Amino acid sequence: MSALLVVLAVVGGWEAYARLSGIDEFVLPAPSAIATALVDDRALLWTNFATTAGEIAVGIAAALALGLGCAVAIHFSPLLRRGLYPLLVGSQTVPIPIVAPLLVVWFGFGLAPKIAIVALVCFFPIVVPTLDALGRVDADLRKLMRSFGASRWQTFRIVEAPAALPGLFTGAKLSVAIATIAAVLAEQAGSEEGLGHLVVQALPQFQTARAYAAVLLLSAFAVALFALLSVAERRLLPWTVQPRGTAT
Amino acid sequence: MQTRMTAPAQAPPAERAPGGAVTLRDVVKTFAAQRRGAAPVTALDGLSLDVQPQEIVAVVGPSGCGKTTLLELVCGLIAPDAGGVDAAPAALMAQRDLLLPWAGAADNAALALRVGGVPRDAARERAGALLRDFGLTGFERARPHELSGGMRQRVAFARTLLAGRPVLCLDEPFAALDALTRAEMQDWLAGTLAADPRTVVVVTHDVEEAVVLADRVVVLSPRPGRVVAELDVDVPRPRRRTDARLVALRARALEALGT
């Protein structure tokens, strides 16, 4: 509710400034101009949005699958923890604007390099919280399982895997925010469609309002995806949101 | 009740082994230093303890005297450095309930059954029946956060019983509860064990809990733990905490503890 008020105040101030200061529309389009662009260019925006949204969704899904597999593998193997974990940290320091054109050279202008880049940046934020959650299972609980004669696999299946789910969700939610940035960067590195491509094209054509509309659409998508994940988390993992120890 | 308290001494040897006897002979257990430069910690030094089948033994002692180590030895979770441990299969119940927050009460209680390969529905059925016996009717599907502290301990105890081991190792089972609930749970536990007798080693630093529950109270010295006194609690059940004999035993135990 208060977030809505802040948005209203910012948009109102922006609109007033854009109209009263006489600033050039190509430099700063008024919110009303962006709204007009959203409506007028809806077909163009929609096709490009579908492309980018697809890249983001598939990229995150790939990162989730790989990240989960990698976290479990590292969790089970001290050797992998020593050997692979530092490499993961290294992978996160690779500057995307440099890698993106390289991937375009390798994979062409299609969807593949975009999905690869989204998956690459989302991978690390998924692995780390998942691995943390797996490792943070109560030592006494492991001991209890051992006293019941549970195998390593049973302890994983019954205790560790459910305990890691909140970590996986945290990773997925972090991913949503950075996946949009990664997708746009990847598109700007070389592509024929997508909202990132549209922004690159719109600016030299003095279609600043259209570029803003594209950004708005992308942000709205990220927020919606984040909200969807939050709802899913509350549905699937109700114990993580319930107040604890209220009953006496 | 009385027969159970006196029976162990007269039980024929043949009955003892499968019935769940526990023997510790001159057990030594030392842990490596936690921090660099610190001395290794000797938790137990020459501890001997005999528990007869279906006897309830309470072990009391000051903090850090190796009580938890004693239970982990009995449960086979750790091995002694010297001496011998000979115990029938034992199930451990920790001070904290350690319930899985995502699982319902019946699924939590059925944990050992699931580990043992019992199918989910059958395990849930058996656990649910026991929980109903424990006064938790209607809470079979409730998650831990929906249960009170006493209820959670009952689920944890059901989980321990369903492990199907002849020996129960209870590590300060009610320490996390408020005094009133604790007293209630002690009476409840005494009743439950009367209905389903097991060999019980219960560790506590609550002397009253010890004399209310146990057939025999073993007092340990400060670390390294050694037995400094053994008190037979020859008081028929159900016991009243205000019973003069219990009050006297409590005083003797406290004296042995040096407080």
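This is a predicted model, so every value here is computed, not measured.

**A few points about the overall build of chain B**
Step number 1: Looking only at helices and strands, one finds 10 helices and nine strands in chain B.
Step number 2: Computed over C-alpha atoms, the radius of gyration of chain B comes to 18 Å, within 12% of the 18 Å expected from 2.2 N^0.38 for 259 residues, which places it in the range of a compact globule.
Step number 3: Judged by the C-alpha coordinates and their principal axes, chain B covers about 50 × 45 × 40 Å.
Step number 4: The burial tally for chain B puts 46% of its 259 residues in the buried class.

**Details of the interface of chain B and chain A**
Step number 1: Taken residue by residue, the interface counts 21 residues in chain B and 21 residues in chain A.
Step number 2: Sorting the residues of the side of chain B that touches chain A by element identifies β5 (90-93) and α5 (111-115) of chain B as the ones contributing at least two each.
Step number 3: Take the side of chain B that touches chain A: its biggest share by element is four residues, from α5(B).
Step number 4: Grouping the constituent residues of the side of chain B that touches chain A by class yields 14 nonpolar, three polar and four charged.

**Considerations on helix α8 (residues 152-188) of chain A**
Residues and elements named next belong to chain A.
Step number 1: Its 37 residues place the ends of α8 only 47 Å apart at the C-alpha level, less than the 54 Å of an ideal helix rising 1.5 Å per residue.
Step number 2: Along α8, the largest kink reaches about 45° and is centred on E160; proline P162 follows within four residues of it.
Step number 3: Just beyond α8, the residue with positive phi is G190, at close to 155°.

Scoring rules and cut-offs
Residues numbered from 1 in each chain as written. Chains lettered and ligands numbered in written order. Predicted model: local features only at pLDDT ≥ 70, side-chain atom pairs only at ≥ 80, totals over all residues. Helix = DSSP H or I, 4+ residues; strand = E, 2+ residues; numbered from the N terminus. Rg over C-alpha atoms; globule rule 2.2 N^0.38 Å. Buried ≥ 20, exposed ≤ 12 C-beta atoms within 10 Å, placed from the backbone. Contact = placed C-beta atoms within 7 Å. Nonpolar A, V, L, I, M, F, W, Y, C, P; charged D, E, K, R; others polar. Expected span 1.5 Å × (residues − 1). Bend = angle between axes of the 7 residues up to and from the residue.

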